[in-house]
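Each chain is listed here by its residues.
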Amino acid sequence: MAEIAAPRGTHDILPAESSAWRWLLQTHAGIAESFGYRPIETPIIESTELFARGVGVETDIVEKQMFTFTDRGGRSLSLRPESTAGVVRAVLGARLDQERRPVRVHYQGPMFRAERPQAGRQHQFTQVGVECIGERSPELDAEVIEIAWRFFDALRLTGVRLQVNTLGDAEDRIRYRAALVSYYTPLRDRLCDDCKRRLDINPLRLLDCKKDADLAAGAPVIWELLDAGSKEFFNAVLTSLEQAGVIAHVNHRIVRGLDYYADTVFEFWHDSLHGAQNSLGGGGRYDGLAEILGLPPSPGTGYALGVERILMVGQRLGVIPAPDRDCDVVVCSVDSPQAHHAASLARDLRGAGLRVVLDVSDRRLDRKLRAADRLGALAAVIVGEDEVRDGTAVVRDLAEHAQQRVSATDVAAAVTRTVETRA
Ligand code: HAM
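Only a predicted model underlies this, so the values are computations on that prediction, with no experimental measurement involved.

### Some words on the site of the ligand
Close to the ligand lie 27 residues, the nearest being Glu82, Thr84, Arg113, Glu115 and Tyr261. Between the ligand and the protein, one listed contact pairs a nitrogen atom with a side-chain N or O atom of Glu115 at 2.7 Å. Contacts to the ligand include Tyr303, whose backbone N or O atom sits 3.4 Å from a nitrogen atom. For the ligand, the protein covers 96% of the area, taking 670 Å² as the surface of the free molecule. Only strand S6 (124-133), strand S10 (279-285) and strand S11 (300-306) provide two or more residues apiece to the shell around the ligand. Counting residues per element, the shell around the ligand draws most heavily on S10, which supplies six residues. Its residues placed into classes, the shell around the ligand shows nine nonpolar, eleven polar and seven charged.

Following this line, the structure appears as structure tokens:
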């Protein structure tokens, strides 16, 4: 029978990669929590309408990239392509903003987008992110950006370039839309089919198009059309970032691919990622999103970062920690009659806080010791006939090939000493 492979655009995280993942996820959670953000988990499936309304029907994500299906009750559901809409739904749906405002949350988990798979672009990928919901302030935009900045710093991920822009308020965007329509209408024949449609429905999305990037380069920039209040808000974000020591590059071409943004938007770029996949993450302010979802109006700001892309860059920079050892110690018997004794010793060692593998094979002792080396064990505990009889065990330092016989009650202390010296 043919071997079944993982679905296209997905990948397994095998044990050797797990310490790198744990390092990244724990570092993110630790930094976010040091800013008072608390963990939140929302479902992987959501009603399709959440994304249609929240992210926007005219975005590439909703139009072309969602995994959507109908459940047995005839309801349309989608695998979440992102988390912001779900988190806003969860936080405001539970009225958490009545207890504390703003509500600060962080998350991690799988997202799904049916893009053409390539390096750094998968059908299933993982994001870490934060959302700060319930208050409008430039300091909070700067706060979420600073969290990501400290996170990259903690990972020692050098070369991250922060790009920031503002999309202004609703009225600024109406003016901007009109300016884009006047610019693009004479160029209509040169636009790709998708962009011809975008010109009529959602001209801001024209700036995202990869095919028409040369035309986008000459398009008007929103900054020229912003009112004084929007400019003041953005300048306050920049001032707070500067005070935090975060280096921001103002880039008026950043518009982001999701419709819910207003005012501040930002992306984290890295040169070692190429082309359209150069973004490690992004985010911004989404003050109109709650209302679009039928929830009490409530401002918000946040970001999400792509874990696989960060690990790719980390690999290139050589900052990923080495895979962890499988265990500290292997316990084995010389022959099968001593197996129960070995199992009982293994339990005692686990009770003493050690990571213990019990070798239950009927291999010869030298093979068992070689297998212990491959697991990265620093010590082996061996029980043979003599040891069972005398109530002792042999503790072997696998690096030094030195061994000592100790009484059963001293085994944990002897192994701990060996592990601590060698680790
Ligand atoms: P996004 O820019 O769509 O924003 O995604 C954030 C990051 O997720 C990207 O920069 C990239 O690193 C990663 N990513 C996206 N698609 C893929 C893919 N197909 N394969 C691998 N990685 C991918 C958001 O998702 C917003 N929810 C961010 C946000 C939070 N805005 C406000 N709060």
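Text resumes after the structure shown.
### Examining the pattern of salt bridges
As enumerated under the stated definition, the model contains 37 salt bridges in all. Arg161 is the salt-bridge partner of Asp271, the closest N and O atoms lying 2.6 Å from each other. Taken together, the positions of Asp271 in the loop between strand S9 (264-270) and S10 and Arg161 in strand S7 (residues 160-166) put the pair 110 residues apart, joining distant regions of the chain. The exposure class assigned to Arg161 is partly exposed, which follows from its relative accessible area of 29%. For the salt bridge of Arg422 with Glu400, the shortest nitrogen-to-oxygen distance reads 4.0 Å. On the criterion of sequence distance, the pair formed by Arg422 in helix H15 (residues 411-422) and Glu400 in the loop between strand S15 (392-397) and strand S16 (402-407) is long-range, its members being 22 residues apart. Classification of Arg422 by relative accessible area gives partly exposed; the value is 33%.

### Some remarks on the nonpolar core
Judged by nonpolar contacts, the single largest core of 48 residues is most densely connected at Val88, Val91, Tyr184 and Leu207. By residue number, the principal contributor to this core is helix H4 (residues 84-93), which donates five residues. Dropping the residues within four chain positions of it, Val88 is found in contact with Gly93, Ile133, Tyr286, Leu289, Ala290, Leu293 and Leu295. Counting residues in hydrophobic clusters, the runner-up holds 42 residues, among them Leu24, Tyr37, Phe233 and Val319.

### Remarks on the sheet that holds strand S3 (residues 68-70)
Pairing is antiparallel in the open sheet, where three strands are placed in the order S2-S4-S3. Two strands in the sheet have a free side with no partner beyond their single neighbour: strand S2 (45-47) and S3. Each neighbouring strand pair of the sheet contributes to a mean axis angle of 35°, computed without reference to strand direction. Here three bridges tie S3 to strand S4 (residues 76-79), and the two strands are oriented antiparallel to one another. Within S4, the residue paired with Thr70 across the bridge is Ser76. On the sheet, helix H2 (residues 48-56) packs against S2, S3 and S4 and is oriented at approximately 70° with respect to S2.

### Some words on unusual backbone geometry
The amide bond that connects Arg101 to the next residue, Pro102, takes the cis arrangement and shows omega of 5°. Within the fold, Pro102 resides in the loop between H4 and strand S5 (103-112). Although it is not a glycine, His401 adopts a positive phi angle of roughly 55°. Within the fold, His401 resides in the loop between S15 and S16. Overall, His401 belongs to the exposed group, its relative accessible area being 54%.

### Quick notes on the environment of Thr166
Within the secondary structure layout, Thr166 lies in strand S7. On the basis of relative accessibility, which here comes to 1%, the residue Thr166 falls in the buried class. What Thr166 contacts, discounting residues up to four positions off in sequence, is Ile222, Trp223, Leu226, Phe234, Asp263, Thr264 and Val265. One polar contact links the side chain of Thr166 to the main-chain amide nitrogen of Gly168, over a distance of 3.0 Å.

### Some thoughts on the packing of aromatic side chains
The full count for this structure, using the stated rule, is seven aromatic pairs. Between Tyr183 and Tyr184 the ring centres are 4.9 Å apart and the planes differ by 80°, which places this aromatic pair in the edge-to-face class. The structure contains a cluster of three or more aromatic residues connected by ring pairs, namely Phe151, Phe152, Phe266 and Phe268. Residue placement shows Arg136 over the ring face of Phe233; its charged tip is 4.2 Å from the ring centre.

### A few points about the environment of Arg309
Position of Arg309 among the secondary structure elements: in helix H11 (residues 307-317). A relative accessible area of 17% means that Arg309 is categorised as buried. With 77 residues separating them along the chain, Arg309 and Asp386 place their C-alpha atoms 55 Å apart.

Reading guide: rules and limits
- Residues numbered from 1 in each chain as written.
- Predicted model: local features only at pLDDT ≥ 70, side-chain atom pairs only at ≥ 80, totals over all residues.
- Heavy atoms only, no water.
- Near = heavy atom within 4 Å.
- Polar contact = N/O pair within 3.5 Å; in protein donor to acceptor, adjacent residues only side chain to side chain.
- Areas by Shrake-Rupley, 256 points an atom, 1.4 Å probe, with all protein chains shown as cover.
- Helix = DSSP H or I, 4+ residues; strand = E, 2+ residues; numbered from the N terminus.
- Nonpolar A, V, L, I, M, F, W, Y, C, P; charged D, E, K, R; others polar.
- Salt bridge = Lys/Arg side-chain N within 4 Å of Asp/Glu carboxyl O.
- Buried < 20%, exposed > 50% of the residue type's maximum accessible area, 1.4 Å probe, protein only.
- Core = buried A, V, L, I, M, F, W, Y, C linked by side-chain atoms within 4.5 Å.
- Contact = heavy atoms within 4.5 Å.
- Pairing = 2+ DSSP bridges.
- Axes fitted to C-alpha atoms, helices over the stretch in contact; angles between N-to-C directions.
- Phe/Tyr/Trp six-rings, centres within 6.5 Å; stacked < 30°, edge-to-face > 60°.
- Lys NZ or Arg CZ within 6 Å of the ring centre and 35° of its normal.

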